[in-house]
Every structure is written in structure tokens, then in C-alpha cells.
Amino acid sequence: MRDGQGRTIDYLRVSLTDRCNLRCSYCMPEECPRWLPRERLLADEELLRIVELLVRMGIRDIRLTGGEPLLRENLEELAGSIAAMEGVRRVSLTTNGVLLAGKLPSLLEAGISGVNISLNALERDCYRKIAGRDLWEKAWEGFQAAVSFSDRLTVKVNVVPMKGVNEDQLVPLAALAARYPVHVRFIEMMPVGRGAYTEGIREEEVLKRLEAAFGPLLLSPGPAGSGPAVYRRPEGFLGNIGWISAVSHKFCDRCSRIRLTADGWLKTCLQYEAGLDLAGLLRKGASREELLQAVEEAIRMKPACHAFGEAQEGDGWEKRPMSGIGG
Ligand code: SAM
Ligand code: SF4
């Protein structure tokens, strides 16, 4: 499947819910988040119908996200049905890890081959301040469980560096890749939702601090299916350290992704509202042919590039919080 710029589109992020058991300061407001009403969420059959259609059209890698995807009751069944679709290469999960430990065996059984765990601090107090909940131990349990299956699972840790918030955690977090076979990735703060009001730390600055701690960090190919991340590997580390710097190092020319929100909107660029109301079409009884045509047209119109950092706000900019998009 190719978009109007000739880019191959084969990666889909599926948000299974906009709800979450954490309240990360840069993602979800503590004060009464406006959840989608339940009837707006895609039912399992609708979700599987849409994913199957997109796989038919060329999607190969699927990441389940949220909100917190582990809050979706039948996550394992959904993951299993998606992994069993002909043409699907990889199904993976992005989670805060809090509920992961207990569910990991059944998720592996279902066919999940990768898990990204968001962990912004190794210190309990710092974690609580960012996540709004005192659940570091649970997240750490999730991380340990994932590591114990690392022979069957690609394990990544997602960190969002924030000025004056978790600066002293960056080196200890990166050092997880020395002790465990995991890939630790620093995600640049994006001006989406509350992220627009939180100051991140640029790639070069994080790199400088890590090189001071570990010595030269040479570029490395990273794990398979790395997407837009750039990886480096210090001498003797078991895993890689990576950066995903959508603002300072745009990678739109290599973008291969689309997103499906929990209410069935096919989103073609993180920054813009642009896309297609697939839930609406399905519920109006659109035929398979009509759905295919509508998706093709939406993909053809996928924006060429985001404009993060160039303006504060503009026409057609996304208004959903990141928790309602899935990252
Ligand atoms: N709840 C799951 C989790 O935290 O991994 C999945 C959803 S969360 C929205 C997906 C990823 O987006 C997380 O790694 C989170 O830290 C990241 N994220 C949220 N808001 C962001 C922002 N404004 N800029 C960069 N990353 C952000
Ligand atoms: Fe929840 Fe993930 Fe957003 Fe944190 S980053 S509030 S865990 S959706």
C-alpha cells in the first residue's frame, strides 16, 4: 500500500481504549479526563473487521496501544485473532507495564512478539510524580516479567526525557540495556496534547550525558523492525540505546504508519486530524468495496510531513490527547 508521496504503508498502531490506570503529566490530565462514551468504542468484531481489511491492503506490523491496552478485557483474544491473520508479520504491545506480569504468558500464547514498556524513572518518587500513581513496583514487575521471556520477546523500554523532571534518571535507565537484553529508547517530547506544555530534552543533550557516563556510543542497527528509531550501542551492553526524535530529527520521509483510534478513526498523521471515520462507515453498512476505496483515498491524502515546532497551532491540528491516539 502506497500513499500519495510514494511511501509504503505497512505499519498500524491500534488504540484499544482511551482509558488509563496512570495519569502521566505530559499525556493525560489528572482532573476528570473526558473518556469516550463506551458506545463510541469499536466493538471487537468491528475492530477485527477493520484490521483484517487493512492487513489485506498491505499492513504487516501491528502495535496494540491505548490509553492502556491491558485495560481492554479481552486483549489476549484480540491479539490472538490479529496474529492469526494471513499476512501479519508482527503483533506487539505498548504498555505502561503495571498490569503486564500476570498477562504476559497468555499474551505470548496469543502470538505477541514484542513489548514496549513505558518507564520514565527507576526511582519510585520520581515515577509517582510523573505517572500520578504510586505504581512503580508494579511497572517494574512488568519489566522483570518481560525480561524473563526475552528469548521469545523483543523488549523495549520507552523513556520521555523531561527538563527538571527525570534528568537524573536518564543514565540509570539507559544502563538497563547493559544488564538486560532490552532496548532503551528516548522519545522526544512531541507537542501533542499536554506534551505541548512540557519541556523535553533534545537527542544531542541526552547523547552527551550518556557518552559522559558510558564512553563513545557507536551507531548500531538495533533490533529488527526498528521503525524510525536510531540506535547506538556502548561496549559490552546486552541491548541498544535508541532515540526517536520526531521534532529535532524529522523522519516523515520514511513514515510507514497509520493509526486506528479506539473510536474507529483511521488517522494518517500524528499531528493532524486528517483521516477517515471507519467506524461511521461500518455502522452505515458500507460494503467492503466502499471501505477499500475510502481507505485508499485517505492513505493517498496522508500528509507529507508534520509541522511540530514550527507553529503553536493551526487548521486541522489534532485536538485529542496522546492517550486518545496511542502514541
Ligand atoms: N499507556 C501505554 C504506554 O504508556 O506505553 C500506551 C499509550 S502511550 C500514549 C504510548 C507512548 O506515548 C508512551 O511511551 C508515552 O510515554 C508516549 N507519549 C505520550 N505523550 C507523549 C508526548 N507528548 N510526546 C512523546 N511521547 C509521548
Ligand atoms: Fe497512560 Fe501511557 Fe498516557 Fe501514561 S503515557 S497516561 S501510561 S496512556
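Keep in mind it's a predicted model, so treat the numbers as computed, not measured.

Our next topic: the overall build of the protein chain. Of the regular secondary structure elements, the protein chain holds 10 helices and 12 strands. For 327 residues, the compact-globule estimate of 2.2 N^0.38 gives 20 Å, and the C-alpha radius of gyration of the protein chain, at 19 Å, lies within 12% of that figure. Seen through its C-alpha atoms, the protein chain measures out along the principal axes to roughly 60 × 45 × 40 Å. For the protein chain, the proportion of its 327 residues judged to be buried stands at 55%. Relative to all contacts within the protein chain whose residues are 6 or more apart in sequence, the contacts with residues 24 or more apart total 73%. Here the protein chain displays about 14,400 Å² of accessible surface, and carbon together with sulfur accounts for 51% of that area. Charged side chains in the protein chain number 44 positive and 44 negative. The centres of these two groups are separated by 1 Å.

The next thing to look at is the site of ligand 1. Near ligand 1 lie 21 residues; those nearest to it are Tyr26, Gly67, Thr94, Ser118 and Met190. The separation between a nitrogen atom of ligand 1 and a polar main-chain atom of Gly67 is 3.0 Å. With respect to ligand 1, the side chain of Ser118 contributes an N or O atom lying 2.6 Å from an oxygen atom. With the chains in place, 95% of the 550 Å² that ligand 1 exposes on its own is no longer accessible.

Next up on the list: the pattern of salt bridges. Considering all chains together, one arrives at 23 salt bridges under this definition. Here Asp44 ties to Arg72 by a salt bridge, and the two come within 2.6 Å at their closest N and O atoms. Here Asp44 is found in helix H1 (residues 44-57), whereas its partner Arg72 is found in the loop between strand E2 (61-65) and helix H2 (75-83), with 28 residues between them in sequence. The buried category is assigned to Arg72, whose relative accessible area is 11%. As a salt-bridge pair, Arg209 and Glu167 come within 2.9 Å of each other at their nearest N and O atoms. Of this pair, Arg209 sits in helix H8 (residues 203-214) while Glu167 sits in the loop between strand E5 (154-159) and helix H6 (170-174), and the two are 42 residues apart along the sequence. By relative accessible area, which is 26% here, Glu167 ends up partly exposed. Taken together, the shared-partner salt bridges connect Arg40, Asp263, Lys267, Glu318 and Arg320 into one network.

All right, on to the environment of Tyr11 then. With respect to the element layout, Tyr11 can be found in strand E1 (residues 11-15). Among the residues examined, Tyr11 registers a relative accessible area of 13% and is labelled buried. For the pair Tyr11 and Gly316, spaced 305 residues apart in sequence, the C-alpha separation works out to 23 Å. The residues contacting Tyr11, other than those within four sequence positions of it, are Ile59, Asp61, Arg63, Ser256, Arg257 and Ile258. There is a polar contact of 3.3 Å between the side chain of Tyr11 and the side chain of Arg63.

Angle between the axes and distance between the axes are the two parameters that describe a pair of packed helices. Orientation of H1 relative to H2, taken along the N-to-C sense of each, is 25°, at an axis distance of 11 Å. Regarding the angle of H1 to H2, the classification is roughly parallel. Once H1 is placed against H2, the crossing between them reads as right-handed. In this structure, H1 contributes Asp44, Leu47, Leu48 and Val51 to the contact, and H2 contributes Leu78, Ser81 and Ile82. A class-by-class count of the residues in the contact of H1 with H2 yields five nonpolar, one polar and one charged.

This next bit is on H1. With 14 residues, H1 should reach 20 Å at 1.5 Å per residue; the first-to-last C-alpha distance of 20 Å fits that figure. Three or more residues of H1 are buried, namely Glu46, Leu47, Ile50, Val51, Leu53, Leu54, Val55 and Met57. After H1 finishes, the residue Gly58 shows a positive phi value of roughly 135°.

Procedures and definitions
Residues numbered from 1 in each chain as written. Chains lettered and ligands numbered in written order. Predicted model: local features only at pLDDT ≥ 70, side-chain atom pairs only at ≥ 80, totals over all residues. Heavy atoms only, no water. Helix = DSSP H or I, 4+ residues; strand = E, 2+ residues; numbered from the N terminus. Rg over C-alpha atoms; globule rule 2.2 N^0.38 Å. Buried < 20%, exposed > 50% of the residue type's maximum accessible area, 1.4 Å probe, protein only. Contact = heavy atoms within 4.5 Å. Areas by Shrake-Rupley, 256 points an atom, 1.4 Å probe, with all protein chains shown as cover. Lys, Arg positive; Asp, Glu negative; His and termini not counted. Charge placed at Lys NZ, Arg CZ, Asp CG, Glu CD. Near = heavy atom within 4 Å. Polar contact = N/O pair within 3.5 Å; in protein donor to acceptor, adjacent residues only side chain to side chain. Salt bridge = Lys/Arg side-chain N within 4 Å of Asp/Glu carboxyl O. Axes fitted to C-alpha atoms, helices over the stretch in contact; angles between N-to-C directions. Parallel < 35°, antiparallel > 145°, perpendicular 65-115°, else oblique. Left-handed = near helix turned anticlockwise from the far one by under 90°. Nonpolar A, V, L, I, M, F, W, Y, C, P; charged D, E, K, R; others polar. Expected span 1.5 Å × (residues − 1).

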